[in-house]
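Descriptive structure summary
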Amino acid sequence: MSKIQVIATVAAVSSALILVACGGGAGTPAPAPAAPTAPAPPTLGVPTVAGTVTGFGSIIIDGVRIDDRGIIARLEDANGVLGNVELKMGQSVDIEHDGTLKAKRVLVNPEMQGVISAVDAAAGTMKVLGMTVVINTDRASGPVTVFEAPYTFANAKTGDGVEIHGILKTDAAGKIQIQATRVEKETLGTIHKLRGKVAALSTGTSTFKIGDLTINYQNVPVTPASTSLSNGADVVVSISASASFAGGVVTATAVKVKNHRDESRDTEAQLRGIVGNLNISAKTFALDGLQINAAEAKFANDGKSFADLSIGAYVRIKGVFQADGSVNAKSIALRSVETEKIGEVELHGSILNYVSIADFSVRGMKMNAATAEIDCPSGTVLRNDLQVKIEGFLAADGSVKVKEVECEKLDDGTSTVEREGIAGNVNVDAKTFVLTGSSAVNVKWNDATLFVKSLTPATMGSKKLEVEGILTGGVLTASKIKLDD
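Residues numbered from 1 in each chain as written. Predicted model: local features only at pLDDT ≥ 70, side-chain atom pairs only at ≥ 80, totals over all residues. Heavy atoms only, no water.

1. Examining the overall build of the protein chain
- Helix and strand counts for the protein chain stand at three helices and 39 strands.
- The burial tally for the protein chain puts 53% of its 485 residues in the buried class.
- Of all intrachain contacts in the protein chain linking residues separated by at least 6 positions in sequence, the fraction that spans at least 24 positions is 67%.
- Summed over all atoms, the accessible surface of the protein chain reaches about 20,200 Å², with 51% contributed by carbon and sulfur. (Helix = DSSP H or I, 4+ residues; strand = E, 2+ residues; numbered from the N terminus. Buried < 20%, exposed > 50% of the residue type's maximum accessible area, 1.4 Å probe, protein only. Contact = heavy atoms within 4.5 Å. Areas by Shrake-Rupley, 256 points an atom, 1.4 Å probe, with all protein chains shown as cover.)

2. Side note on the sheet that holds strand E17 (residues 213-216)
- Pairing is mixed in the open sheet, where four strands are placed in the order E15-E16-E17-E20. Looking at the sheet topology across the chains shown, the edges are occupied by strand E15 (199-202) and strand E20 (249-251). The average angle at which neighbouring strand axes cross in this sheet is 25°, direction not considered.
- Two elements, E15 and strand E16 (residues 207-210), share two bridges in a ladder whose sense is antiparallel. From the neighbouring strand, Ala199 faces E16, where its bridge partner is Lys209. (Pairing = 2+ DSSP bridges. Axes fitted to C-alpha atoms, helices over the stretch in contact; angles between N-to-C directions.)

3. Description of the nonpolar core
- By size, the foremost hydrophobic cluster in this structure holds 35 residues, and its most contacted members are Met112, Met126, Val128, Ile164, Leu194, Phe208 and Val235.
- Ile164 has contacts with Pro110, Glu111, Met112, Met126, Val128, Val133, Ala180, Arg182 and Val183, leaving out every residue within four places of it along the chain. (Core = buried A, V, L, I, M, F, W, Y, C linked by side-chain atoms within 4.5 Å.)

4. Some points on the pairing of strand E23 (residues 284-287)
- Residues of E23 alternate between two faces, with Thr284 and Ala286 on one and Phe285 and Leu287 on the opposite face, all of them buried.
- Sheet topology places E23 next to strand E24 (residues 290-293); four bridges connect them, and they run antiparallel. Residue pairing across strands places Phe285 opposite Ile292, the latter belonging to E24.

5. Digging into the confidence of the model for the protein chain
- Residues at a pLDDT of 70 or more form 87% of the protein chain, whose mean pLDDT is 84.
- When pLDDT is averaged over each element of the protein chain, strand E35 (residues 432-436) comes out on top at 97 and helix H1 (residues 10-13) at the bottom at 33.
- Across residues 1-38, confidence stays below pLDDT 50; counting only partners more than four residues off in sequence or on other chains, it has 191 contacts. (pLDDT = per-residue confidence, 0-100.)

6. Regarding unusual backbone geometry
- Cis rather than trans, the peptide bond between Ala149 and Pro150 has omega equal to 10°.
- Between Thr223 and the following residue, Pro224, the backbone shows a cis peptide bond with an omega angle of -10°.
- Note on placement: Pro224 falls in the loop between strand E18 (222-223) and strand E19 (234-240).
- Positive phi, normally seen in glycine, also occurs at Leu101, with a value near 65°.
- Of note, Leu101 is situated in the loop between strand E6 (92-97) and strand E7 (103-108).
- According to the relative accessible area criterion, Leu101 is partly exposed, its value standing at 28%.
- Phi at Lys453 is positive, roughly 55°, even though this residue is not glycine.
- By the element assignment, Lys453 lies in the loop between strand E37 (450-451) and strand E38 (464-472).

7. Examining the state of the cysteines
- According to the stated counting rule, one finds one disulfide in the structure shown.
- The residue that forms a disulfide with Cys376 is Cys407, at a sulfur-sulfur distance of 1.9 Å. On the sign convention where negative is left-handed, the bridge of Cys376 and Cys407, at about 85° about the S-S bond, is right-handed. Within this pair, whereas Cys376 is found in the loop between strand E31 (373-375) and strand E32 (387-394), its partner Cys407 is found in strand E33 (residues 400-407), the two being separated by 31 residues in sequence. (Disulfide = S-S within 2.5 Å.)

8. Description of the side chain of Glu163
- Summarising the element assignment, Glu163 is placed in strand E12 (residues 161-170).
- Buried charge Glu163 goes without a salt bridge, the closest partner of opposite sign being Arg182 at 6.2 Å.
- Engagement of the side chain of Glu163 in a polar contact is seen with the side chain of Gln113, the distance being 2.9 Å. (Lys, Arg positive; Asp, Glu negative; His and termini not counted. Salt bridge = Lys/Arg side-chain N within 4 Å of Asp/Glu carboxyl O. Polar contact = N/O pair within 3.5 Å; in protein donor to acceptor, adjacent residues only side chain to side chain.)

9. Side note on the side chain of Asp67
- Locating Asp67 in the fold gives a position in the loop between strand E3 (64-66) and strand E4 (74-76).
- For Asp67, the contacting residues outside a window of four places in its chain are Ser58, Leu101, Lys102 and Ala103.

10. A closer look at the packing of aromatic side chains
- Counted by the stated rule, this structure contains seven aromatic pairs.
- Measuring from ring centre to ring centre gives 6.1 Å for Phe147 and Tyr151, while their planes differ by 55°; the resulting arrangement is tilted.
- We classify Phe147 as buried; its relative accessible area is 15%.
- Ring plane angle 40° and centroid distance 6.1 Å describe the contact between Phe433 and Trp445, whose orientation is recorded as tilted. Taken together, the residues span a long stretch of sequence, with Phe433 in strand E35 and Trp445 in the loop between strand E36 (440-444) and E37 at a distance of twelve residues. (Phe/Tyr/Trp six-rings, centres within 6.5 Å; stacked < 30°, edge-to-face > 60°.)

Structure below.
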């Protein structure tokens, strides 16, 4: 049975491919960041994994570990332009890989970017772009909702611009909602976005539904030009910030279609979601807006069968897209079984910011190991830079309640480590600097390194930084560099 591995990365579990370089001292001026590029077409006929980021080092998607070394995650903005982005816990992503889980392309795909129109604190919900967004605090129901600190549900209010990652689900009354896996407060532009699966398509009236929201696409460009809308199609809908949602209907400004069937070409796809519309006799159910045909599926969990599925269960499936947009499942894994013993978080990395056993961080996540089992050589004390494996559960505040801490060997050239300190001797031409913390370490960066937010080689000199990467022969090759907040 597969383990949900959460290798949390810096700054609130930021993920794969985020190389944050620090610097800014002597040397030639840093080159301007590369301009965002228009989206490249997807590679056809490659295996894919779509789901929620549940860990890092490489990147973990719903418990499946994918090697993303050398790959920069991308996010498409409202104008259809791709830019580099930091992976974070709870994000929705699509990954193309080579069949051995070596990533070839990583796209971050939020479910929506819009403005909160209502907050119901008692129900634990908010309204965004006419959709009900559910805040999840129950790990048995799926990944708990992660808020980008310092933003929390308690201080969310009407008028806030937000980016929401999540999963379509059906409530007890049959209404479709989005169960959030991540919420970030954002400054939004004039175009907002909604991502989902087409349902109730009517070419006569030029309308379709995403959840319970009706989209009017009359006289609206549908791209790519060679595609047409169909039920089950994955679409990104652009909506004006000033649009009306009266009567549960909104007019789009653009619609972009992703045709999984044509892109996958019968190769395996991995998906995740919350079971709805369960039909035991037909062995079918709905998952994130898709119909799943499970007559021939096998369960990855020992002793489990279709009879163990229930409405609201969080599952991971492997299968093949069909011409009608449905998926023929080959295997099904129940999250509840995978997490009930081992926990939902597994982190491999270095201890940083150590204050006490109840207050330190690993891969950017706060740890509380006050009641944890410690499995380390005799005489070892927890301290900064110690390489460890962490198992535990996410707490409501986004920290990790640690079940076990295990000391690990630092493998030269393999282990992902984090170091913090002051950047000095920055050489932009050589792409190197010295990070001075508890000890000094030589750091180098390359084109696959992500500089987080506004940090650049020209501005990182004399700054306190956190650097994540691979330590080889005493030199730390950074995959991510960020300011140490």
